[in-house]
Amino acid sequence: MAKCHYCSKEVNVPKKRFCNEKCHLLNCTEVKEKGCWDYKGFKGKDGYGQIKIGGKVRRPHRISYQIYKGKIDEGFNVCHSCDNPICVNPEHLWLGTPKDNMDDMLRKGRKADKKGELHHLNKLKEEDIYKIRKLLKKKNYKQKQIAKMFGVDPSCICYINAGKRWSHI
Ligand SMILES: [Zn+2]
Ligand SMILES: [Zn+2]
């Protein structure tokens, strides 16, 4: 009888090393002083971790969000309040505004949006996005601090950090 590599519970499925996704994730995780749970497995070029679950390569922080907090609706980004891309501590994860909506807002030319936090994006000019990218690269500031500097919601910064479609700016 095979045993789960993490919790030693018996696993009846052949070739399965863990009893569930949670054990798989925790087995590849190290708790850091700041409270971050660093993913110790493979890290991609983009700085995010990669975990193979069910034959598919997935993002560990998204898996963690799904295990501890629930479903991620389509298009939503899982963002880090600790700005540590390999952290999978669910307490450090929050859902960012859907990318597609953000893209849409930009395309439409920053019209006022009354639905909520998206209107924050309207305040940003292209040069602001350029500046934000620079600040993100330097890593001297947390995303929350940058959001404050520009008077926008942290989800915007998270989006700019993750958004690949703005690379022309
Ligand atoms: Zn287990
Ligand atoms: Zn963290």
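Just above, that's the structure.
Now for a description of the structure that goes with this document. Note that the coordinates shown come from a computational prediction; the quantities given were computed from them, not determined experimentally.

Tracing the sequence through the fold places Val152 in the loop between helix H6 (143-150) and helix H7 (154-162). Judged by the 22 C-beta atoms lying within 10 Å of it, Val152 falls in the buried class. In the structure, Val152 is positioned 28 residues away from Leu124 in sequence and 8.2 Å away in space, judged by C-alpha atoms.

On to the packing of helix H5 (residues 126-138) against H7, then. The interhelical angle for the contact between H5 and H7, taken along N-to-C directions, is 80 degrees, at an axis separation of 10 Å. Taken together, the axes of H5 and H7 are roughly perpendicular relative to one another. Residue-level inspection shows Ile129, Ile132, Arg133 and Leu136 of H5 in contact with H7, the latter providing Ile157, Ile160 and Asn161. By residue class, the composition of the contact of H5 with H7 is five nonpolar, one polar and one charged.

Let us look at the environment of Pro14. Residue position: Pro14 is located in the loop between strand S2 (10-11) and helix H1 (21-27). Taking the C-beta count within 10 Å as the criterion, Pro14 has 6 such neighbours and is therefore assigned exposed. Separated by 12 residues in sequence, Pro14 and Ala2 have C-alpha atoms that sit 7.8 Å apart.

Between H6 and H7, the shortest axis-to-axis distance is 8 Å and the interhelical angle comes to 115 degrees. Comparing the axis directions of H6 and H7 gives the class roughly perpendicular. Seen from above, H6 lies across H7 with right-handed handedness. Residues Gln143, Lys144, Ile146 and Ala147 of H6 form the contact with H7, whose participating residues are Pro154, Cys156, Ile157, Cys158 and Asn161.

Quick look at the nonpolar core now. Side chains that are nonpolar tend, in soluble globular proteins, to be buried together. Ranked by size, the top nonpolar core spans 13 residues in total, and within it Ala147, Cys156, Ile157 and Ile160 carry the most contacts. Counting only elements with at least two residues in this core, the list comes to strand S7 (77-80), H6 and H7. Per-element tally for this core: the top contributor is H7, with five residues. The next biggest cluster of nonpolar side chains, apart from the first, holds nine residues, and it includes Leu25, Tyr39, Ile63 and Ile86.

Rules of the game
Residues numbered from 1 in each chain as written. Chains lettered and ligands numbered in written order. Predicted model: local features only at pLDDT ≥ 70, side-chain atom pairs only at ≥ 80, totals over all residues. Helix = DSSP H or I, 4+ residues; strand = E, 2+ residues; numbered from the N terminus. Buried ≥ 20, exposed ≤ 12 C-beta atoms within 10 Å, placed from the backbone. Axes fitted to C-alpha atoms, helices over the stretch in contact; angles between N-to-C directions. Parallel < 35°, antiparallel > 145°, perpendicular 65-115°, else oblique. Contact = placed C-beta atoms within 7 Å. Nonpolar A, V, L, I, M, F, W, Y, C, P; charged D, E, K, R; others polar. Left-handed = near helix turned anticlockwise from the far one by under 90°. Core = buried A, V, L, I, M, F, W, Y, C linked by C-beta atoms within 7 Å.

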